[in-house]
Amino acid sequence: MKRTFIFYAFACFTLFGCEKQNKSGQTFMIPWPNEQSFEALQPVSIPTLNSPYVVSGPIAKVYSDQGLTFSGFSGDPVRPQLTLVGDVFYPLDVKSSMALAIYAHFERLFELDQQLGIQSQLPWPRRVGFDIPLVDSITGQQSENNAHYLPDRDIIVFLPTNSQKLPMPINPGVIAHEHFHAHFNFLLGKSFLNKTYQSNIEEYNVEILLRGWNEGLADYYALVYSQQPEFLGASLGDFWNQARSLKTPIQNIKNSQYYFNKFEKGLSQNQVPLYLVYNIGTDLARTLVHIVEQQDEKSKIRNHKEMIRWIVSALPQYQQIFSEKNNKEMIEPVDLLRFFFLENNKVLSMKQCEALVKVAPQILLKDESLENQCL
Ligand SMILES: [Zn+2]
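Cut-off values and rules
- Residues numbered from 1 in each chain as written.
- Predicted model: local features only at pLDDT ≥ 70, side-chain atom pairs only at ≥ 80, totals over all residues.
- Helix = DSSP H or I, 4+ residues; strand = E, 2+ residues; numbered from the N terminus.
- Rg over C-alpha atoms; globule rule 2.2 N^0.38 Å.
- Buried ≥ 20, exposed ≤ 12 C-beta atoms within 10 Å, placed from the backbone.
- Contact = placed C-beta atoms within 7 Å.
- Core = buried A, V, L, I, M, F, W, Y, C linked by C-beta atoms within 7 Å.
- Pairing = 2+ DSSP bridges.
- Axes fitted to C-alpha atoms, helices over the stretch in contact; angles between N-to-C directions.
- Parallel < 35°, antiparallel > 145°, perpendicular 65-115°, else oblique.
- Nonpolar A, V, L, I, M, F, W, Y, C, P; charged D, E, K, R; others polar.
- Expected span 1.5 Å × (residues − 1).

## Concerning the overall build of the chain
Argument step 1. What the chain contains, in helices and strands, is 11 helices and 8 strands.
Argument step 2. The C-alpha atoms of the chain give a radius of gyration of 22 Å, which matches the 21 Å a tight globule of 375 residues would have.
Argument step 3. Taken along its principal axes, the extent of the C-alpha atoms in the chain is 70 × 50 × 35 Å.
Argument step 4. The burial tally for the chain puts 42% of its 375 residues in the buried class.
Argument step 5. If you take every contact in the chain between residues at least 6 apart in sequence, the share linking residues at least 24 apart comes to 67%.

Given below as structure tokens:
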């Protein structure tokens, strides 16, 4: 797909005279979100690039249009085509624009991770590729308009874009969502890679429930970074927006038996019903949004950050609990909330407690109440 950033870029400097940003490092005119648009061309400082002519630095290495190897991407990072006007670099093609925008987002994600205290658990520079041709193993067709984190190589792959909507590689929420998968993998998922299952229950726990939590927390982290609860809809349209929007209120969290029945039915037809993963994830993300938004509207962003900080600090301790339970019983979608809010003694307001119990009454065991945690 050919986008038209470059024409906007020239229109900008020939017709309007663009404002420059005087931060440290080089400044590039790239598609960047503002209040009106996800991809307004703006001067953006990218202080950590080793050179403006290679999209590589201590924060990320960005590849495009290349194959994969067993350890990552074949070939070298993108060499952007640029022209310098004053002290602002203008990319001369879409590939250069996108590569630089991705790098700039990773600089901001690194800052967010520093605030959350989790930047040191990942190796940097992060490795990201876009317009990467991958063939779908089921259909045999080349996949499009999607993104994956590949835990075995610890890389993010954006497939080719074929849509007039916001391309995923420059959608801040999608970039952050994929980045969080790397965190989840290091925090909780690594020991479940390439697992052989002893029972359908164990497979359900890892392939549906754990993956569902991974998706839900990735969406929640993406909201914290992008501040855009409907980031997926911007790239994929109404159907996905309805399915995954974090603005939609949650009704109640379903029990595992409901999902497990659908999972077993899928297995009997030789498929793992992946939609269940996203159902579980979206319910988790919507619940977290719902609980946080019971607090003061004015401090919403700060409160979401505080919640994600709480979650990422508690999550590694859940590894052991999950491994022990996993071999014996079906784990409940509400179990992670119980762990975050009850077993880790998160203090909630009375309003938040009521909202939590309304959405997930199963969070309370028999004769238990949230009294100790409610202010
Ligand atoms: Zn995902």
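Don't stop here, the text continues.
## Thoughts on the nonpolar core
Argument step 1. Membership of the largest hydrophobic core comes to 95 residues, with the highest contact counts inside it found for I30, V62, L100, I102, Y103, L217 and Y221.
Argument step 2. Ranked by the residues each element gives to this core, the list is headed by helix α4 (residues 200-226), at 13 residues.
Argument step 3. Beyond its immediate stretch of four places on either side in the chain, L100 contacts F28, I30, I46, V55, P80 and P91.

## As for the sheet that holds strand β4 (residues 82-85)
Argument step 1. Taking strand neighbours across the sheet as the criterion, the 4 strands line up as β2-β1-β5-β4 in an open arrangement whose pairing is mixed. Sheet topology places β2 (40-46) and β4 at the edges, where each strand pairs with a single neighbour. Taken pair by pair, the neighbouring strands of this sheet meet at an average axis angle of 35 degrees, ignoring direction.
Argument step 2. Here strand β1 (residues 26-32) pairs with strand β5 (residues 88-91) via 2 bridges, running parallel. Of the residues in β5, the one forming a bridge with T27 is V88.

## Comments concerning the sheet that holds strand β7 (residues 147-150)
Argument step 1. Overall, mixed pairing links the 4 strands, which are arranged β3-β6-β8-β7 in an open sheet. Every other strand in the sheet has two partners, leaving β3 (60-64) and β7 as the edge strands with one partner each. The sheet shows a mean angle of 20 degrees between the axes of neighbouring strands, taken without regard to direction.
Argument step 2. Summarising the sheet, strand β6 (residues 126-130) and strand β8 (residues 155-158) pair through 3 bridges and their orientation is parallel. Counterpart to G129 in the pairing with β8 is V157.
Argument step 3. Sitting on the sheet, helix α2 (residues 94-116) is in contact with β3 and β6, with an inclination near 155 degrees to β3.

## Let's talk about the pairing of β6
Argument step 1. The element β6 is extensively covered by neighbouring structure, given that 5 of its 5 residues are classed as buried.
Argument step 2. Relative to β6, β3 is paired through 5 bridges, and the arrangement is parallel. Bridging across to β6, S64 finds its partner in F130.

## Overview of the packing of α4 against helix α9 (residues 300-326)
Argument step 1. For the pair α4 and α9, interaxial distance at closest approach is 11 Å and the crossing angle is 170 degrees. Taken together, the axes of α4 and α9 are roughly antiparallel relative to one another. Between α4 and α9, the residues in contact are E202, N205, V206, L217, Y220, Y221, L223 and V224 and H304, K305, I308, I311 and N326, respectively.
Argument step 2. In the contact of α4 with α9, the residues fall into 8 nonpolar, 3 polar and 2 charged.

## A word on the environment of S299
Argument step 1. Relative to the assigned elements, S299 resides in the loop between α8 (275-292) and α9.
Argument step 2. In the structure, S299 is positioned 42 residues away from Q257 in sequence and 38 Å away in space, judged by C-alpha atoms.

## Here we look at α4
Argument step 1. Between its first and last C-alpha, α4 extends 37 Å over 27 residues, near the 39 Å set by a 1.5 Å rise per residue.
Argument step 2. The element α4 is largely enclosed, with a buried count of 21 among its 27 residues.
Argument step 3. Backbone geometry just downstream of α4 places Q227 in the positive-phi region, at approximately 55 degrees.

## Looking at the pairing of β3
Look at any regular strand and the pattern is simple: side chains alternate between the two faces of the sheet.
Argument step 1. Of all 5 residues making up β3, 5 are buried, and the element is well covered by its neighbours.
Argument step 2. Neither face of β3 is open: one carries A60, V62 and S64, the other K61 and Y63, and all of them are buried.

## Details of helix α10 (residues 335-343)
Argument step 1. Taken as a whole, α10 has its buried residues at D335, L336, L337 and F341.
Argument step 2. Where α10 is buried, its residues contact α4, α8 and α11 (350-359).
Argument step 3. Looking one or two places after α10, you find N345, whose phi comes out positive at around 50 degrees.

## Structural notes on unusual backbone geometry
Argument step 1. In this structure, the amide linkage connecting W124 to the following residue, P125, adopts the cis form with an omega of 0 degrees.
Argument step 2. With respect to the helices and strands, the residue P125 is situated in the loop between α2 and β6.
Argument step 3. The backbone of Q227 shows a phi angle near 55 degrees, a positive value even though the residue is not glycine.
Argument step 4. Within the fold, Q227 resides in the loop between α4 and α5 (231-236).
Argument step 5. Exposure remark for Q227: the 14 C-beta atoms within 10 Å place this residue in the partly exposed category.
Argument step 6. In this model, N270 sits at a positive phi of 65 degrees, which is unusual for a non-glycine residue.
Argument step 7. Note on placement: N270 falls in the loop between α7 (256-268) and α8.

Remember that the coordinates give geometry; whether it matters functionally is a separate question.
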